[in-house]
Amino acid sequence: MLTTLERDRLKIKVKALEEQITNLTNKNDNNINTTTKRSATRTVRKQATFPNDDISSNPYHDVDFDPPDIINYQLRRSYKGHLNSISSCAFHPKKPIFATGSDDEVWKLWTLNDNELVMSGEGHKSWISDIDFHPFGSHLATSSGDNTIKIWEFSQARCNQTYHDHTQSVWSCKFHYTGDFVASCSMDHTIRLYDLIANKCRQTLRGHVDSVNSICWQPYTANICSASGDKTLSVWDCRTGLCVQTLYGHTNSCNHVIATNQGNTLISSDADGIVKVWDIRMVTELGSIETGQYPVNKLSVDRGGHRLLGASDDGTIKVINLDDFTLLTSLTGHDGPVQAVTFSPNDAFFVSG
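Not measured: the values here are computed from a predicted model. (Residues numbered from 1 in each chain as written. Predicted model: local features only at pLDDT ≥ 70, side-chain atom pairs only at ≥ 80, totals over all residues. Heavy atoms only, no water.)

1. Thoughts on the overall build of the chain
Rules: In this text, helices come from DSSP runs of H or I with a minimum length of four residues, and strands from runs of E with a minimum of two, each type numbered from the N-terminal end. In this scheme, a residue with accessible area under 20% of its type's maximum is buried, one over 50% is exposed, and one in between is partly exposed, where area comes from a 1.4 Å probe on protein chains only. Note on contacts: a residue pair qualifies if any of its non-hydrogen atoms lie within 4.5 Å across the two residues. Each accessible area is a Shrake-Rupley result for a 1.4 Å probe, and residues are judged covered by the shown protein chains and nothing else.
For the chain, the count of helices and strands is one helix and 26 strands. Taking all 353 residues of the chain together, the buried fraction comes to 49%. When contacts within the chain are restricted to residue pairs at least 6 apart in sequence, long-range pairs at least 24 apart make up 43% of them. Entry remark: accessible area of the chain is about 18000 Å², with carbon and sulfur atoms responsible for 49%.

Below, the structure is given as structure tokens:
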């Protein structure tokens, strides 16, 4: 009798233990499934990638705009905004705001309508050479003679990243249209590509034998174009880090290079005051314009690719017709060399300094 009772008790205990094990197993399975689902829906990118080149992704492809009537533009306001020479200026991509960078080591944001100071940034230890807005307008990139590139976040009103990879003065910095990369060029003969997600230098492009003075992205591609003191322009594929094209024709140091919004034309200027227009697909020179004996420091092209502004060392702004490669006029107003000029996104204004 006692043996039977003991056996029944043991059966009950075994059954209870089996139920506990089953419950625990089901609970663990549910946790695993939940974790799997969460990880599938929350993908964190460890580094940025370039999207595939697709000509249809360029909103300016096959879109034409009327050329701006620059001849009838009127000077709206002239004022001293910095303690030293202005080296660069850029318009916000979405708001009526523009930024200026100066040899006084400070960048400033201004309203377009009444030219009031919105914000300023200090942190560089030498002159600021270039500034560029993030495509979404949330950040500003600055390059400097202190060998650094800084990324400034407007919402926090502070610098949230500084890159120290260059060994000499940095001449230019430009955001990629995705906002995930920023490129820079330097007196150390290199171009560097920074991944803003991985927060590191991803590529160092070498090939120029003199200072790289200017860079620009070929719109909506992974290609970057560079202008150098070695009198050449180069086009680089940032996916491979290789130079895919080199353009020859300038007889003096190339100061600046830009691309039209359509992405098929490059425009460059040099220290002899020569401006050249290039077909990037055919790798040929389309035209050459002489603006005078003084260097053309910076260029800006309207959104339709019809009119070009050139900031000249003679204190004027050169207006060039890109349809027939002729110099239309020279705009006066500055008392010294003009180091920077840029069109607003809608071509209604331009700022120079």
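Moving on, there is more to tell.
2. Considerations on the pattern of salt bridges
Note the cut-off: Should a side-chain nitrogen of Lys or Arg be within 4 Å of a carboxyl oxygen of Asp or Glu, the pair is scored as a salt bridge.
Going through the model one piece at a time under the given rule, you end up with seven salt bridges. The salt bridge involving aspartate 195 is made with arginine 202; its shortest N-O contact spans 2.5 Å.

3. So, the nonpolar core
Convention followed: As used in this record, nonpolar core signifies buried Ala, Val, Leu, Ile, Met, Phe, Trp, Tyr and Cys residues forming a set joined through side-chain atoms within 4.5 Å.
Residues Phe50, Ile191, Leu193, Ile215, Trp217, Ile224 and Cys238 are the most contacted members of the largest nonpolar core, which totals 15 residues. Elements represented by at least two residues in this core include exactly β10 (181-186), β11 (190-195) and β13 (212-217). The contact partners of isoleucine 215, leaving out residues within four places of it in the chain, are Ser172, Lys174, Ala183, Ser184, Cys185, Ile191, Ile224, Cys225, Ser226 and Val257. Counting 12 residues, the second-largest nonpolar core is a separate cluster that includes Cys216, Val235, Leu247 and Ile280.

4. So, the side chain of histidine 208
Counted only if it meets this: Polar contact is the term for a pair of N or O atoms within 3.5 Å; when the atoms are in protein, one must be able to donate a hydrogen and the other to accept it, and sequence-neighboring residues count only if both atoms are side-chain atoms.
Considering the arrangement of structural elements, one finds histidine 208 in the loop between β12 (200-206) and β13. Owing to a relative accessible area of 6%, histidine 208 belongs among the buried residues under this scheme. In terms of polar contacts, histidine 208 uses its side chain to reach the side chain of aspartate 230, at 3.0 Å. Not counting chain neighbours up to four residues away, the residues in contact with histidine 208 comprise His189, Ser226, Ser228, Asp230, Thr232, Ser234 and Trp236.

5. Overview of the pairing of strand β23 (residues 317-321)
Stated precisely, the cut-off is as follows: A pair of strands is considered paired only if DSSP assigns at least 2 bridges between the two.
β23 sits mainly inside the fold: five of its five residues count as buried. Judged by which residues are buried, β23 turns out to be covered on both faces: Ile317, Val319 and Asn321 on one side and Lys318 and Ile320 on the other are all buried. Relative to β23, strand β22 (residues 307-312) runs antiparallel, the two being bridged by five bridges. Opposite glycine 310, over in β23, you have lysine 318 as the bridge partner. Here β22 hands over to β23 after four residues, with glycine 315 in that stretch at a positive phi of 85 degrees. Bridging between β23 and strand β24 (residues 326-331) involves five bridges; their strand directions are antiparallel. Paired with isoleucine 317 across the strands is leucine 331, a residue of β24. Hairpin connection between β23 and β24: a loop of four residues separates the two successive antiparallel strands, and phenylalanine 325 in this loop has a positive phi of roughly 60 degrees.

6. Some details on the side chain of histidine 306
As for its position among the elements, histidine 306 is in the loop between β21 (296-301) and β22. Exposure remark for histidine 306: the relative accessible area of 12% places this residue in the buried category. Reaching out from histidine 306, the side chain makes a polar contact with the backbone oxygen of phenylalanine 65 at a distance of 3.1 Å. One polar contact links histidine 306 to aspartate 323, side chain to side chain, over a distance of 3.1 Å. In contact with histidine 306, other than residues within four places in its own chain, are Asp64, Phe65, Asp66, Pro67, Ile320, Asn321, Leu322 and Asp323.

7. Notes on the sheet that holds β23
Let me state the cut-off plainly: Inter-axis angles, ranging from 0 to 180 degrees, are taken between N-to-C directions of lines fitted to C-alpha atoms, where helices are fitted over the stretch in contact.
Spatial strand order, β21-β22-β23-β24: four strands in an open sheet with antiparallel pairing. The sheet is open, and its two borders are formed by β21 and β24, each paired with just one other strand. With strand direction ignored, the average angle separating the axes of adjacent strands in the sheet is 25 degrees. As paired elements, β21 and β22 share five bridges and run antiparallel to each other. Paired with valine 296 across the bridge in β22 is serine 312.

8. What about the packing of aromatic side chains?
The way to describe two aromatic rings as a pair is by their centre distance and the angle between their planes. Quick note on the threshold: Centres within 6.5 Å are what make two rings of Phe, Tyr or Trp a pair, Trp counting through its six-membered ring; a difference in plane orientation under 30 degrees is then read as stacked, over 60 as edge-to-face, and the rest as tilted. Placement of a charge over a ring requires the Lys NZ or Arg CZ to be within 6 Å of the ring centre, with the centre-to-atom vector within 35 degrees of the ring normal.
Tallying each qualifying case throughout the model produces 13 aromatic pairs. Pairing tryptophan 107 with tryptophan 152 gives two aromatic rings, centres 5.4 Å apart and planes at 70 degrees, and the pair type is edge-to-face. Here the residue tryptophan 107 occupies a position in strand β3 (residues 106-111), and tryptophan 152 occupies one in strand β7 (residues 149-153), the gap between them amounting to 45 residues. An identical accessibility class is assigned to tryptophan 107 and tryptophan 152; each is buried. By the ring-pair criterion, three or more aromatic residues cluster together here, those being Trp107, Phe133, Trp152 and Phe154. Sitting above the plane of the tyrosine 79 ring, arginine 77 keeps its charged end 4.7 Å from the centroid.

9. Quick look at the environment of lysine 318
Inspection of the secondary structure puts lysine 318 in strand β23. On a C-alpha basis, the gap between lysine 318 and glycine 292 in space is 9.6 Å, while along the polypeptide they are 26 residues apart. Residues contacting lysine 318, with those up to four places away along its chain left out, are Thr291, Leu308, Leu309, Gly310, Ser312, Leu327, Thr329 and Ser330. In terms of polar contacts, lysine 318 uses its side chain to reach the side chain of threonine 316, at 3.2 Å. There is a polar contact of 3.2 Å between the side chain of lysine 318 and the side chain of serine 330.

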